[in-house]
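Chains, contacts and geometry: an overview
Read off the chains here:
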Amino acid sequence: MGASGGFVGTAVERVEDLRLLTGKGRYVDDIHIEGMLHAAIVRSAVPHGRIKAVDTEEARRMPGVRAVFTGRDIAREYGGAVPTVPIRLYPIPQMEPFAQGVIAVDKVRYVGEPIAIVVADTPGQAEDAADLVQADIESLPVVADWQTSMKNEVLLFESHGSNVVVTYTGRKGDAPGATGPYSRKEKFSVQRHSAVMLETRGLLAHWQEESGRLTVYGAAKVPFSTRKALAAHLDLAIESIDMIEVDVGGGFGVRGEFYSEDFLVPFASRRLKRPVKWIEDRRENLMASNHARQMDCELEVVCERNGRLIALRGKGYVDAGAYMRTSGAISPRNVAQFIAGGYNIPHVQMEVTICTTNKGPIGTYRGPGRFEPDFFRERMFDMAARDLGIDPVEFRRMNLVRQEQMPFPVPSLDNPAKVDELDNGDYQFTLDTCLREFRWEEKRKLQGKLVDGRYHGIALGCFIQGAAAGPKETARIDIEDDGRLTVYVGSASVGQGLATVLTQIAADTLEVPMDRIRLLHGSTTHLKEGFGSFHDRATVMGGCAVLNTAAALKTKIREAVAAKWGCEADQVRLGRDLAVSGPGGSLGAAELGKMKLRADGEYANHKHTYSYGTAAAHVTVDPGTGRVALLDYFTVTDAGRIINPMTIHGQAVGSVVQGLGGALLENLAYDGDCHFLAGTFADYLLPSAADFPGVRAMVLEHIPSLSNPLGAKGGGEGGIIPTGGVISNAVAAALSSLKIEPKSLPLTPPKVWALIQAARSARQDAPQKETA
Amino acid sequence: MKLPDFQYFAPATAGEVVRMLAAHAGEAKILAGGQSLLPVMAFRLARPAALIDLRKVEGLGEITIDASGVRLGARVRWRDIEDDKRLATAHPLLVEAIRHVAHYQVRNRGTVGGSLGHADPASEMPCIAATCEAELRLLGPKGERRLKAAQYFLGPLSTALQPDELILEVHLPAWTAGRRWAFQEFARRPGDFALAGVAAYYDLDSQQRASNAHIGVVGACHFSARLPRAESALNGKRVDAATAQAVGRVAAEEATPTGDFHAPVEYRKALVGTLLERALGEAAARK
Amino acid sequence: MEISFDLNGKKTKVDVPVRTTLSDCIRHHCLQTGTHVGCEHGVCGACTVIVDGEAMRSCLMLAAQADGSKVVTVEGLCAPDGGLSALQASFRKHHALQCGFCTPGFLTTAHALLTQEPHASKERIREVLSGNLCRCTGYINIIEAVYQARAAYQGKGG
């Protein structure tokens, strides 16, 4: 990259921070529009039932209430069937019967499903009225798990006849036919958990009757896609809707997808001809924002006696909740395709079935369908290594894909077909780096030992992280009248420091100081088209779009000045600060600004990049309480090319801590009747500052990506991916003297304690058996 | 989760508070720090018709220490207990238990009276009151009365406090020199409600055996109470590792926790035993 | 109900429904939206403000309970010239924020803590900040930023 400004690769302080530190951030609930009303969503308290009637009489009479709309009210306006939440990613016909109507009409299928929307003068009044909406729902038996789902005795969608959406198969070689001297089969499970970002969802929809325009504040992640869906549902031209992205309090995959409220709130605004604001409360956020991760699997590993892997085969069952929503296909697909991770396993077959249940519907959450298989596979590896008497580090080293084997195809996927390959990298290098920085050899002396009443265990895991999803990203750069630059990008901010990173790239390419650049992102008003932030793509796709656009601008400048001076473009020299010189004299940035110069650009790419690394953990287990304490956690990632080492390091640490929450603390629990139990922060436990003080992360530039001009590989998601496997292996290692094999997450104190009790009583039985 | 509507009063005297409580016939609640009440109202699990704020009532915020023990006014905050250095010797068990209450910001507002009025069995203050045989001084329309903790705590979130009564203060009996004590709590994260906790103290008789044992639990009984069988198992014994383990086992048997998805009954009972065993070890080692 | 209080050095009078929390009063009546609401039940700490020198969760206070008090929010923490205070600058330097939503609550809590305990140890800082949730950073940088800002508080009278 022809950059000499020196911003790329430097830990530049973030441009976003000045506003955010002084209370001048502007999140959607901070916006006040004269005359705005407030919405509250009435949600089903019944997990599965037929709606007999929804009585809104009393609610309508409450002070401040402007309107109450039920499913039947909206269905009437839509010729009987309400609009559905679109399936944005990998839609296939099998999913259509499972699409969610934006509001329940005849049936409810999960606790939290919207059944009415109340609009009032204040949020308190809307909530008061919502409490008085009486829903007469005839309860039906619930489908509480995937086993019940697959029996198809109780159906969520009666006319369809099945609760099962689809089975994906990840395939390589001939796994069913593979044999070897050693094999082991185990069952594992991961619990339901999700993003639970600090700012809940929210939107402010403003319908302006005179102009026929709709402005929606609070867009995120994929504003252009949401706009398209909304326009279709409201029968509006796309151009008459503006989706505005303001400051966003975290997304992690969950914010920004199309939900019921993304239709209901704009619908209400248009009906009432007033701005309508809806801010999700925390209970709703836990209950009704996309859930993730919950699945069981049965996995079998086959290998040589020396540990060389031959096959990995298994079946996974995803508890997908009640509907297929925008991104529900991703995790199941990724589990099927990435079960082998960065390891060279000749024969792989992973069948993953999506099962609907009477719980909150799933979507993508950071590292979707990657956290889960890493847990299954890495646990399997440590068990196999122990059985075979092989050091778990060597087991991994001998099986990691080697540089000379890349590009290395991963298992192929179906429904629809998808092939992919690991691009390039030196996986053994990050393994060795981890061993050294974690001080593996030294800590190994404590492996399995009981010291001061605590068992010590260490473990490690190697991971890959796919990034840079296509198809493309767009950007535009304008030179303003005063010579400053405005850069517009289609990427969305989710709090990841996007503006800073992209500004660094623009500044370096154009050789201007960073404070000369204003970067705008996300909103549909800036560009005709944008593709958003997900799959860790913003730095690569957005960054390369900015890179290309900046290069295009330089060309435009030369050509325009050449035309003005009547000379050839290559006679025009463009230097620092957009200073132009040549046969016609010289021009400064402000003069270029008056020439109204701008460039549009894009970056298109279908190749995924794979950053990769290794993580290790040192835990202790208190056998009296089952508490797992983390003494040290170290992760190293090769990100190819680092734009801002400070922000990418921050991403890595934050990502690890989220993963540790998933491994040890978090659980979107339901009871056996599908009533939601985790609706408060006293029940859903996020990591606090006191829980994991020892997390260390290192992000390197070892081998750049060959597939994009930046050489970057992403880096926002990797930290979370190996945490489940590493922590559970460390716990198993700590308790190895008791022969305890954890196979489900989260590893809560009661769960670990119960494993210890069971192991101890088994041991008590065993000696008696021997002497009998 | 906006609060439901209510009437709000901020009277200037305890007498007026009681008059207002009586006038609202059970539909009014006292607002002290609000750290327990407001979250419950935010979830609309309680919708009192009126809140009577104690913020202007004088004389309820004192910590008095004399020969009879420690008296904590109802408006004494966790922060005040933390800041009062006299309590380190006047009632170390109280200080240690209160260290575990919630977090920094909550400790600046949460009050002794609020906690005792709310009577959550998973809270530390009710446990200390029960364990130490505290006496509560209450004010009602007919005047003052005193209730011992054992008569006060009746069930989970349920006490003998009448709807028209106000807690004025709680009196912890004097702490004796040479007393052995410990407080051990187990929570998922620091500051969380405990899955279980134990408060324990005993004195030593002339033969260095435990006597006057008082053992109470946090979160492991339906309501804040002592464990008399565990106390009997401890009294008269030399407190060594074997005793600690044996008494722990009795406590595990005796505790009656409620299970939920965080932890089943079996685990909580065992936890009580483990925590008491460790607490007794800590107490015995204390100089 | 009429409530008067000092908000970031400015005498403020509002007339709000009685059930209005201090957080909603500050955000939607005084239009100071720097203080954020993350849970409305007193766990996440994003709503932390400083009332009469002490950090408090403003979602667990009625506006009425702040009548006559001195309230400081994140907007009131800036340097006199409107620039970043030492604490805010330390957050920027140490990359102690990503999405910024939890940040105001961390700043007010840390400011209250360091004002009263300018020599607070890292352990004490971590203990106090464990009452504020962050989903983005993993906390390491926040603890470091607060720890490194102590010097600015040690010169003062404490």
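Not measured: the values here are computed from a predicted model. (Residues numbered from 1 in each chain as written. Chains lettered and ligands numbered in written order. Predicted model: local features only at pLDDT ≥ 70, side-chain atom pairs only at ≥ 80, totals over all residues.)

1. Considerations on the overall build of chain C
This is how the line gets drawn: Counting from the N terminus, the helices are the DSSP runs of H or I reaching at least four residues and the strands are the DSSP runs of E reaching at least two. Radius of gyration: C-alpha atoms only; globule rule: 2.2 Å multiplied by the number of residues to the exponent 0.38.
For chain C, the count of helices and strands is six helices and five strands. Across chain C, helices and strands are ordered from the amino to the carboxyl terminus as β-β-α-β-β-β-α-α-α-α-α. Expected size for 158 residues packed as a compact globule is a radius of gyration near 15 Å; at 15 Å, chain C falls within 12% of this value. Based on the C-alpha atoms only, the size of chain C along its principal axes is roughly 45 × 35 × 25 Å.

2. Focus on the overall build of chain A
We apply this condition: We call a residue exposed when 12 or fewer other C-beta atoms sit within 10 Å of its C-beta, buried when the count reaches 20 or more, and partly exposed for counts in between; the C-beta positions come from the backbone. This entry defines residue contacts through backbone-placed C-beta atoms, with two residues in contact when those atoms are within 7 Å.
Each helix and strand in chain A was counted, giving 19 helices and 29 strands. Over its C-alpha trace chain A gives a radius of gyration of 27 Å, about what one expects of a compact globule, namely 28 Å for 772 residues. Each principal axis of the C-alpha atoms in chain A carries an extent, and together these give about 100 × 70 × 50 Å. The buried share of chain A, reckoned over its 772 residues, is 61%. Within chain A, contacts between residues separated by at least 24 positions form 81% of all contacts whose residues are at least 6 apart in sequence.

3. Considerations on the packing of helix α6 (residues 223-234) of chain A against helix α7 (residues 260-272) of chain A
Residue and element names in this part refer to chain A. We count it as follows: Helix axes are fitted to C-alpha atoms over the stretch in contact, other axes to C-alpha atoms as well, and angles between N-to-C directions run from 0 to 180 degrees. Orientation is classified from the angle alone, with under 35 degrees giving roughly parallel, over 145 giving roughly antiparallel, 65 to 115 giving roughly perpendicular, and any other angle giving oblique. Left-handed describes a crossing whose near helix is turned anticlockwise from the far helix through less than a right angle; right-handed describes the clockwise counterpart. Put simply, Ala, Val, Leu, Ile, Met, Phe, Trp, Tyr, Cys and Pro go in the nonpolar bin, Asp, Glu, Lys and Arg in the charged bin, and everything else, Gly too, in the polar bin.
Between α6 and α7, whose axes approach to 11 Å, the crossing angle comes to 50°. Classified by the interaxial angle, the pair formed by α6 and α7 is oblique. Note that α6 runs across α7; the crossing there is right-handed. Contact residues: Thr226, Leu230, His233 and Leu234 in α6; Asp262, Phe263, Pro266, Phe267 and Arg270 in α7. Looking at the contact of α6 with α7 residue by residue, the class counts come to five nonpolar, two polar and two charged.

4. Digging into the environment of Leu129 of chain C
Residue and element names in this part refer to chain C. On the secondary structure map, Leu129 appears in helix α4 (residues 122-129). A tally of 25 C-beta atoms within 10 Å means that Leu129 is categorised as buried. For the pair Leu129 and Leu77, spaced 52 residues apart in the sequence, the C-alpha separation amounts to 18 Å.

5. Side note on the sheet that holds strand β23 (residues 573-574) of chain A
The strands that make up a sheet pair up through hydrogen bonds in the backbone, lying either parallel or antiparallel. Residue and element names in this part refer to chain A. Stated precisely, the cut-off is as follows: Strands are labelled as partners when DSSP assigns at least two bridges between them.
In space, the three strands of this open sheet follow the order β23-β24-β25, with antiparallel pairing throughout. Two strands lie at the open edges of the sheet, namely β23 and β25 (585-587), each paired on one side alone. With three bridges joining them, strand β24 (residues 580-582) and β25 adopt antiparallel strand pairing. Paired with Val580 across the strands is Leu587, a residue of β25.

6. Some details on the interface of chain A and chain C
Listed by partner, the interface residues are 42 residues for chain A and 44 residues for chain C. Going through the elements one at a time, α1 (17-21) and α17 (645-664) of chain A are the ones with two or more residues in the side of chain A that touches chain C. For the side of chain A that touches chain C, a count of residues per class yields 19 nonpolar, 15 polar and eight charged.

7. Thoughts on the interface of chain A and chain B
Residue-level contacts link 20 residues of chain A with 15 residues of chain B. When residues in the side of chain A that touches chain B are grouped by element, the largest group, five residues, is from helix α4 (residues 123-131) of chain A. Of the residues that constitute the side of chain A that touches chain B, the class distribution is nine nonpolar, four polar and seven charged.

8. Focus on the nonpolar core
In summary, soluble globular proteins display a tendency toward joint burial of nonpolar side chains. How we decide: Each nonpolar core reported here comprises buried Ala, Val, Leu, Ile, Met, Phe, Trp, Tyr and Cys residues connected via C-beta atoms within 7 Å.
In this structure, Ala39, Val118, Val487 and Val731 of chain A together with Ala200, Val272 and Leu276 of chain B are the most contacted members of the largest nonpolar core, which totals 395 residues. Ranked by the residues each element gives to this core, the list is headed by helix α15 (residues 538-565) of chain A, at 11 residues. Apart from residues no more than four positions distant in its own chain, Leu276 of chain B is found in contact with Val198, Ala200, Ile215, Ala230, Val247, Gly248 and Ala251 of chain B.

9. Focus on the domain arrangement of chain C
All names here are of chain C. What counts here: Residue ranges assigned to each domain were obtained from an automatic or database domain assignment.
Taken domain by domain, chain C holds domain 1 (2-76) and domain 2 (86-153). Across the contact, 15 residues belong to domain 1 and 12 residues belong to domain 2. For the side of domain 1 that touches domain 2, the elements supplying multiple residues, two or more each, are β3 (48-51) and β4 (54-57). When the residues that make up the side of domain 1 that touches domain 2 are grouped by side-chain class, the tally is seven nonpolar, seven polar and one charged.

10. Side note on helix α10 (residues 371-388) of chain A
Residues and elements named next belong to chain A. Convention followed: Multiplying 1.5 Å by the helix residue count minus one yields the expected span of that helix.
Its 18 residues give α10 an end-to-end C-alpha distance of 26 Å, which sits within 8% of 26 Å, the value for a rise of 1.5 Å per residue. For α10, the buried fraction is high: 13 of the 18 residues fall into the buried class. Among the residues trailing α10, Gly389 stands out with phi positive, at a value near 70°.

11. Digging into the pairing of strand β28 (residues 627-638) of chain A
Residues and elements named next belong to chain A. Put simply, the test is: A crossover gets the label right-handed when its path from the first strand over the helix to the second runs clockwise, viewed with the strands pointing away from the viewer.
Pairing of strand β27 (residues 609-622) with β28 involves 11 bridges; the strand directions are antiparallel. Residue pairing in the sheet places Thr614 in a bridge with Val636 of β28. From the end of β27 to the start of β28, which pair antiparallel, there are four residues, and Gly626 there has a positive phi angle of about 80°. With α17 bridging β28 and its parallel neighbour strand β29 (residues 695-700), the resulting β-α-β unit is right-handed.

12. Comments concerning the environment of Gln162 of chain B
Examined against the element boundaries, Gln162 of chain B turns out to sit in the loop between β9 (158-159) and β10 (166-173). Counting along the chain gives 57 residues from Gln162 of chain B to Gln105 of chain B, while the straight-line C-alpha distance between them is 30 Å.

13. Topic: the sheet that holds β28 of chain A
All names here are of chain A. Ordered in space as β18-β19-β27-β28-β29, the five strands form an open sheet in which the pairing is mixed. Strands with a single pairing partner mark the edges of an open sheet, and in this sheet they are β18 (450-451) and β29. Sheet topology note: the β28/β29 ladder contains six bridges and is parallel. Along β29, the bridge assignment pairs Thr635 with Ala697. Against the sheet, α17 contacts β28 and β29, and its axis sits at roughly 135° relative to β29.

14. What about the pairing of strand β12 (residues 276-279) of chain A?
The side chains of a regular strand alternate, residue by residue, between the two faces of the sheet. Residue and element names in this part refer to chain A. Of the two faces of β12, the one holding Val276 and Trp278 and the one holding Lys277 and Ile279 are both buried throughout. The pairing of strand β1 (residues 37-43) with β12 spans two bridges and is parallel. The partner of Leu37 across the bridge, within β12, is Val276. For strand β9 (residues 202-208) and β12, the ladder comprises four bridges, and the chain directions are antiparallel. Residue pairing for β12: Leu204 is matched across the bridge by Lys277.

15. Remarks on unusual backbone geometry
Put simply, Asn415 of chain A and Pro416 of chain A share a cis peptide bond, and its omega is 5°. Looking at the element boundaries, Pro416 of chain A is found in the loop between β16 (408-409) and β17 (421-422). With an omega dihedral of 0°, the bond running from Leu745 of chain A to Pro746 of chain A counts as a cis peptide bond. Positive phi, close to 45°, is recorded for Ala25 of chain B, a residue that is not glycine. Tracing the backbone through its elements, the reader meets Ala25 of chain B in the loop between α1 (14-23) and β2 (28-31). Its identity as a non-glycine residue notwithstanding, Asn8 of chain C has a phi of 55°, on the positive side.

16. A look at the packing of α4 of chain C against helix α5 (residues 140-148) of chain C
All names here are of chain C. Orientation of α4 relative to α5, taken along the N-to-C sense of each, is 125°, at an axis distance of 10 Å. By the angle between their directions, the pair α4 and α5 is classed as oblique. With respect to the hand of their crossing, α4 and α5 are arranged in right-handed fashion. Along the contact surface, α4 presents Lys122, Ile125, Arg126 and Leu129, while α5 presents Ile142, Ile143, Val146 and Tyr147. The residue inventory of the contact of α4 with α5, partitioned by class, reads six nonpolar, no polar and two charged.

17. Some words on the environment of Val248 of chain A
As for its placement among the helices and strands, Val248 of chain A is situated in the loop between β11 (241-244) and α7. On a C-alpha basis, the gap between Val248 of chain A and Tyr27 of chain A in space is 6.0 Å, while along the polypeptide they are 221 residues apart. The residues touching Val248 of chain A, leaving out its near neighbours within four places in the chain, are Ala220, Arg255, Ser493, Val494 and Gly495 of chain A together with Cys99 of chain C.

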